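Summary of the model geometry
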2 protein chains.
Amino acid sequence: MTENRVVRLKSRPATMASRENFDIVDEPVPEPGEGEFLMRADYVSLDPAMRGWIAPGRSYVPPVEIGAVMRGFSAGHVVKSNHPDYREGDAVAGLFGVQRYAVSDGERAVRADTSLAPLEAWIGGLGMPGLTAYFGLLEVGAVKEGDTVVVSAASGAVGSLVGQIAKIKGARAIGIAGGGEKCRYIVDELGFDGAIDYKAQDVSEELKRLCPDRIDVYFENVGGDIMNAVLGHMNTFGRVAVCGLIAHYNATEPPPRLTNLRSILVNRLNVRGFIVFDFAERNAEALTALAAWHSEGRLKFRQDVREGGLDAFPDVLNLLYTGGNFGKLVLKL
Amino acid sequence: MTENRVVRLKSRPATMASRENFDIVDEPVPEPGEGEFLMRADYVSLDPAMRGWIAPGRSYVPPVEIGAVMRGFSAGHVVKSNHPDYREGDAVAGLFGVQRYAVSDGERAVRADTSLAPLEAWIGGLGMPGLTAYFGLLEVGAVKEGDTVVVSAASGAVGSLVGQIAKIKGARAIGIAGGGEKCRYIVDELGFDGAIDYKAQDVSEELKRLCPDRIDVYFENVGGDIMNAVLGHMNTFGRVAVCGLIAHYNATEPPPRLTNLRSILVNRLNVRGFIVFDFAERNAEALTALAAWHSEGRLKFRQDVREGGLDAFPDVLNLLYTGGNFGKLVLKL
């Protein structure tokens, strides 16, 4: 058996993470204990939340400690098992860390049924991004038929699913994305009702044009100026599901600010932060729905698969914060 | 019968409202039609929301039109009635406008039972401020026994009730107010567990000290820097009831900004704007509870009664935005 390749956190970045913040090293492959299995990852997931996981201070999970394996989801196959529910060769996905081999007790793992979707979808549309879109839109956003839904980072892993699920639920879906290609994609391929290119268009003007009945649900992945623009067009009793704030994660200057607090009051908005782990007990329900919609062709998953192995991890991660990815970003090992 | 004295909106203020923005004139006393009554006001209510009512643009109610009677609550007595439910001499309170005499069809009026509380309390603790505190804390804030509640403008009409209702519900109450006298009042007289003088103390440091288990419910009357400080100390799944944003109402410079969006995400906060009219169908329930607590001595109302008649209205109104009042501000006619 070969060595394990492991990405460990070396230091906390002040702004964007870089190669210097990680030790990427070869280590012995660990041995699974009783009730555990060893998996080998084929795909590692890159998620916007990773920047938060390596920041210091209070957050929804403890920060990754210096010297620890970088937290991350991956998908692969069981290569050795002392676990009653897993056999060698089983496809699995879960929170295995950013490394080639991982030992798991099955706690943060799911069996990846590749007859429903390819292996890498289990860290995408059927993984954390899918669950995030599902609970964020349906529970936090409380979307109803006839609502107008706006989502930022709309061609990304979560945003692309939010718009499609909105359509499935009978709502209108407007996406905000960067660049004409991403905007055409969400309308032409994914069936969004409209798209706004924040790099080329006046977001507020376009929202006014595309949302004549104002906005009932805003699914927030970005923060900053886009959030301020959207708040100005919310409907009475609108819901804002705060899923992510990419614009804030790498800020060294004072972070982007919410200037439109008045809209929260005047429109009686409900602005609610959430993380997918809060709904973990309902994951099975969500995965059943997501897989069904996918198999019916109503929910498309777009992967942005990058090569380069684990050594490319820091550079590929940063694509998420510069708009450099197009679809769910994964690293192929 | 004498003339009616009426405050009409003359122009919209750019910052603070002033005497020039109003026409204060004598007019004939109106005649009640069929199904209407005529009331004469003894007390006119001054509420922070008034600044929003005379601002242009979209809000939760249409702005007061130029030339129209200024919107406002008052309390007084029926002097003539063609209404089946009201007789001459009945004490009433309601949205009668800022004027000495008003005709009403009873729609936005309540009978003021002065055996429960003095007349002026029906535009205070048993009026809009009482209802606002009740629904904002119990429904929007969803306060539970053992919670820590923080309220800004804590010695004001709404804030003083929020803290007392929090105590009645078994929560801890911390108030933020301006000046030592107001701080001592809410602790010594109203039974708050702690007070922070934002004019003399570091709000964030004091919150840390006074809220060792962090903050479960924040009742927001102010906005601006105080809101940013409080957000930094919220507990997981905390609730922020956005009732008012006094710091924003008269701003000519860019309004105070919410810089701590990250707290909404990380702590999965629920930030919700509300206005008291949203809960109008439950007013009877709330008034019953408020009156009972008041009669048991558990809910104290403090009035700040000003003289000077309706001509003093613009100047007295501005006390609300400069921290110049201490308790529920009313104008005695």
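It should be emphasised that the depicted structure is a prediction, and the values quoted were computed from it without experimental measurement.

This model, assessed by the stated rule, comprises 18 aromatic pairs over all chains. Ring centres 6.4 Å apart and planes at 65 degrees place the aromatic pair F274 of chain B and F279 of chain B in the edge-to-face group. You'll find F274 of chain B and F279 of chain B in the same group, each marked buried. Taken together through their ring pairs, the aromatic side chains of Y134, F135, F219, F274, F279 and W293 of chain A make up a single cluster. Between R108 of chain A and the ring centre of F277 of chain A, over which it is positioned, the NZ or CZ distance is 4.9 Å. Across the ring face of Y185 of chain B, the terminal group of R302 of chain B is positioned such that the distance to the ring centre comes to 4.7 Å.

What follows deals with the packing of helix α2 (residues 128-140) of chain A against helix α3 (residues 159-168) of chain A. All names here are of chain A. Running from N to C, α2 and α3 point in directions that differ by 50 degrees, and their axes come no closer than 9 Å. The orientation of α2 with respect to α3, classified from their angle, is oblique. Note that α2 runs across α3; the crossing there is right-handed. Residues P129, G130, A133, Y134, L137 and L138 of α2 form the contact with α3, whose own contacting residues are L161, V162, I165 and A166. Residues belonging to the contact of α2 with α3 are distributed by class as follows: 9 nonpolar, 1 polar and no charged.

Glancing now at the pattern of salt bridges. Side chains that differ in charge, positive against negative, can pair when their charged atoms come close. Residues and elements named next belong to chain A. Within the structure shown, the criterion is met by 30 salt bridges over all chains. Ionic pairing is found between D147 and R239, a salt bridge with its closest N-O pair at 2.9 Å. With D147 in the loop between α2 and β8 (148-152) and R239 in strand β12 (residues 234-242), the pair connects residues that are 92 residues apart, well separated along the chain. With respect to burial, D147 and R239 carry one shared label: buried.

Okay, the sheet that holds strand β9 (residues 172-177) of chain A next. Ordered by their spatial adjacency, 12 strands build an open sheet running β10(A)-β9(A)-β8(A)-β11(A)-β12(A)-β13(A)-β13(B)-β12(B)-β11(B)-β8(B)-β9(B)-β10(B), and the pairing between neighbours is mixed. Each edge of the open sheet is held by one strand with a lone partner, namely β10 (194-197) of chain A together with β10 (194-197) of chain B. The mean angle between the axes of side-by-side strands here comes to 15 degrees, regardless of whether they run parallel or antiparallel. When strand β9 (residues 172-177) of chain B meets β10 of chain B, the two strands line up parallel, connected through 4 bridges. Paired with G175 of chain B across the two strands is A195 of chain B, which belongs to β10 of chain B. Most of the contacts of helix α5 (residues 203-210) of chain B go to β10 of chain B, to which it runs at about 170 degrees, and overall it touches β8 (148-152), β9, β10 and β11 (215-220) of chain B.

Thresholds applied
Residues numbered from 1 in each chain as written. Chains lettered and ligands numbered in written order. Predicted model: local features only at pLDDT ≥ 70, side-chain atom pairs only at ≥ 80, totals over all residues. Heavy atoms only, no water. Phe/Tyr/Trp six-rings, centres within 6.5 Å; stacked < 30°, edge-to-face > 60°. Buried < 20%, exposed > 50% of the residue type's maximum accessible area, 1.4 Å probe, protein only. Lys NZ or Arg CZ within 6 Å of the ring centre and 35° of its normal. Axes fitted to C-alpha atoms, helices over the stretch in contact; angles between N-to-C directions. Helix = DSSP H or I, 4+ residues; strand = E, 2+ residues; numbered from the N terminus. Parallel < 35°, antiparallel > 145°, perpendicular 65-115°, else oblique. Left-handed = near helix turned anticlockwise from the far one by under 90°. Contact = heavy atoms within 4.5 Å. Nonpolar A, V, L, I, M, F, W, Y, C, P; charged D, E, K, R; others polar. Salt bridge = Lys/Arg side-chain N within 4 Å of Asp/Glu carboxyl O. Pairing = 2+ DSSP bridges.

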